[in-house]
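The residues making up each chain are set out below.
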Amino acid sequence: QVQLVESGGGLVQAGGSLRLSCIVSGVTFSLYPFAWYRHPPGKQRELVASIISGGGSTYYADSVKGRFTISRDGAKNTVYLQMNSLKPEDTAVYYCNRPTVAFGWGQGTQVTVSS
């Protein structure tokens with residue numbers, strides 16, 4: 001059974017930074033690409049960033065390009081999202097999952113950016 005456990009969210013002022021973590025269990029981590037999504041209040045969930053199984057190629061939504069960095073650690077079965085220069089519009093619940101056919105969703109981690 002696949003489990004995705006996100007953590008690292010919190011309340012931060014605009015311009016600040018946070019590092020999100022997603023621990024993946026129940027699957028062979030190295031075989032899958034992963035992505036971070038976010039669900040802003042009153043809006044649809046959107047894909048923020050993704051990384052291929054080997055970690056050599058990444059994708060970023062235009063809204064976060066240059067500010068967010070996705071990475072993965074195969075030894076820890078963990079996907080990270082380093083978020084810098086945060087803006088109030090980054091406020092959302094953040095989730096990790098596959099970038100195509102999703103596993104079951106985790107509980108997410110709340111990120112709130114104050115102006």
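Anyway, here's the lowdown on the structure attached to this text. (Residues numbered from 1 in each chain as written. Predicted model: local features only at pLDDT ≥ 70, side-chain atom pairs only at ≥ 80, totals over all residues. Heavy atoms only, no water.)

## Some thoughts on the overall build of the protein chain
The condition that has to hold: Elements are defined by DSSP. Helices are runs of H or I of four residues or more, strands are runs of E of two residues or more, and each kind is numbered from the N terminus. Two things to know: the radius of gyration comes from C-alpha atoms, and the globule rule equals 2.2 Å times the number of residues to the power 0.38. Accessibility here uses a 1.4 Å probe with only protein chains present; expressed as a share of the type maximum, an area under 20% marks a residue as buried, one over 50% as exposed, and anything in between as partly exposed. For every accessible area listed, the method is Shrake-Rupley and the probe measures 1.4 Å; residues are considered covered only by the protein chains on display. Residues scored as positive are Lys and Arg, those scored as negative are Asp and Glu, and His as well as the terminal groups of each chain are ignored. Taken as the charge location is NZ of Lys, CZ of Arg, CG of Asp or CD of Glu.
Per the secondary structure count, the protein chain includes zero helices and 10 strands. Taken from the N to the C terminus, the helices and strands of the protein chain come in the order β-β-β-β-β-β-β-β-β-β. In terms of C-alpha radius of gyration, the protein chain reaches 13 Å, essentially the compact-globule figure of 13 Å for 115 residues. For the protein chain, the C-alpha atoms occupy an extent of roughly 40 × 25 × 25 Å along the three principal directions. For the protein chain, the proportion of its 115 residues judged to be buried stands at 43%. Just so you have it, the protein chain exposes about 5,900 Å², and 49% of that area is on carbon and sulfur atoms. Taken together, the 10 basic and 6 acidic charged side chains of the protein chain have centroids lying 3 Å from each other.

## Considering the pattern of salt bridges
Put simply, the rule is: What counts as a salt bridge is simple: a side-chain nitrogen of Lys or Arg found within 4 Å of a carboxyl oxygen of Asp or Glu.
Under the counting rule described, the total for this entry stands at four salt bridges. Ionic pairing is found between Arg-38 and Glu-46, a salt bridge with its closest N-O pair at 2.6 Å. With a relative accessible area of 4%, Arg-38 lands in the buried category. For Glu-46, a relative accessible area of 31% gives the class partly exposed. Here Asp-62 makes a salt bridge to Lys-65, at a shortest N to O gap of 3.1 Å. Accessibility expressed as a relative area gives 66% for Asp-62, which makes it exposed. Taken together, the salt bridges that share partners define one network made up of Arg-38, Glu-46, Arg-67 and Asp-90.

## Looking at the nonpolar core
Put simply, the rule reads: Remark: nonpolar core denotes a set of buried residues (Ala, Val, Leu, Ile, Met, Phe, Trp, Tyr, Cys) joined through side-chain atoms within 4.5 Å.
Core analysis: the biggest nonpolar cluster contains 28 residues, and Trp-36, Leu-81, Met-83 and Tyr-94 have the highest contact counts within it. Counting only elements with at least two residues in this core, the list comes to strand E3 (18–25), strand E4 (34–39), strand E5 (46–51), strand E7 (68–73), strand E8 (78–83), strand E9 (92–97) and strand E10 (109–114).

## Structural notes on the pairing of E4
Worth spelling out the cut-off: By the convention used here, strands pair only if DSSP detects at least 2 bridges between them.
The element E4 is extensively covered by neighbouring structure, given that five of its six residues are classed as buried. Both E4 and E5 contribute to a ladder of five bridges, which runs antiparallel. Directly across from Ala-35, in E5, lies its bridge partner Ser-50. Two successive antiparallel strands, E4 and E5, enclose a turn made up of six residues, where Gly-42 displays a positive phi of approximately 75°. With five bridges joining them, E4 and E9 adopt antiparallel strand pairing. By the bridge assignment for E9, Trp-36 is matched with Cys-96.

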